[in-house]
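Residue strings, one per chain:
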Amino acid sequence: MFTLPILFRFVLLAFVGATVASVANSKKDFALLTAVFLLGLGALEAVLAFFGV
C-alpha cells in the first residue's frame, strides 16, 4: 500500500498553510480552505489505496 512519508506530508501541509494564509481574508475563510484541502487530500489517498497504487 502506498503511504506518503511523514516529512513529505508535513512539508505539503506547511506549504498549503502558507498559501491559504496568504489568500484567506478571515478565520472563517482560512478554516474553509483548509478543510476543503484536507478533504480532497483524504479522498485522493483513499482512491490511491483503493486502486493499490
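Residues numbered from 1 in each chain as written. Predicted model: local features only at pLDDT ≥ 70, side-chain atom pairs only at ≥ 80, totals over all residues. Heavy atoms only, no water.

*Asks:* Quick question: what am I supposed to make of the overall build of the protein here?
*Replies:* Helix and strand content of the protein: two helices and zero strands. Relative to its length of 53 residues, the protein is extended, with a C-alpha radius of gyration of 13 Å against a globular reference of 10 Å. Along the longest, intermediate and shortest principal axes, the C-alpha atoms of the protein span 40 × 20 × 10 Å. Across the 53 residues of the protein, 9% fall into the buried class. Here the protein has roughly 4300 Å² of accessible surface; of this, 79% comes from carbon and sulfur atoms. (Helix = DSSP H or I, 4+ residues; strand = E, 2+ residues; numbered from the N terminus. Rg over C-alpha atoms; globule rule 2.2 N^0.38 Å. Buried < 20%, exposed > 50% of the residue type's maximum accessible area, 1.4 Å probe, protein only. Areas by Shrake-Rupley, 256 points an atom, 1.4 Å probe, with all protein chains shown as cover.)

*Asks:* When you look at the packing of helix α1 (residues 6-23) against helix α2 (residues 27-50) in this model, what are you seeing that I'm missing?
*Replies:* For any two helices packed against each other, one specifies the inter-axial angle together with the distance between the axes. Direction vectors running N to C along α1 and α2 enclose 150 degrees, while the axes themselves pass 9 Å from each other. Viewed along their axes, α1 and α2 form a crossing whose handedness is right-handed. For the pair α1 and α2, the contacting residues are Arg9, Leu12, Leu13, Val16, Gly17, Val20, Ala21 and Val23 in the first and Phe30, Leu33, Thr34, Phe37, Leu38, Leu41 and Glu45 in the second. Residues that form the contact of α1 with α2 fall into these classes: eleven nonpolar, two polar and two charged. (Axes fitted to C-alpha atoms, helices over the stretch in contact; angles between N-to-C directions. Left-handed = near helix turned anticlockwise from the far one by under 90°. Contact = heavy atoms within 4.5 Å. Nonpolar A, V, L, I, M, F, W, Y, C, P; charged D, E, K, R; others polar.)

*Asks:* Got a minute to help me understand the packing of aromatic side chains in this structure?
*Replies:* The geometry of an aromatic ring pair is captured by two quantities: the separation of the ring centres and the angle between the planes. In the structure shown here, the tally under the stated rule is one aromatic pair. Taking 5.2 Å as the distance between ring centres and 80 degrees as the angle between the ring planes, the aromatic pair formed by Phe50 and Phe51 counts as edge-to-face. (Phe/Tyr/Trp six-rings, centres within 6.5 Å; stacked < 30°, edge-to-face > 60°.)

*Asks:* It is not clear to me how the environment of Asn25 should be interpreted in this structure. Could you clarify?
*Replies:* When you line up the elements, Asn25 lands in the loop between α1 and α2. Sequence separation between Asn25 and Leu44 is 19 residues, and the spatial gap between their C-alpha atoms is 27 Å.

*Asks:* What should I look at first to understand the environment of Val20 in this one?
*Replies:* Mapping Val20 onto the fold places it in helix α1. Along the chain, Val20 and Leu32 lie twelve residues apart, while their C-alpha atoms are 9.7 Å from each other. The residues contacting Val20, other than those within four sequence positions of it, are Phe30, Leu33 and Thr34.

All quantities given are derived from atomic positions and should not be read as evidence of function.
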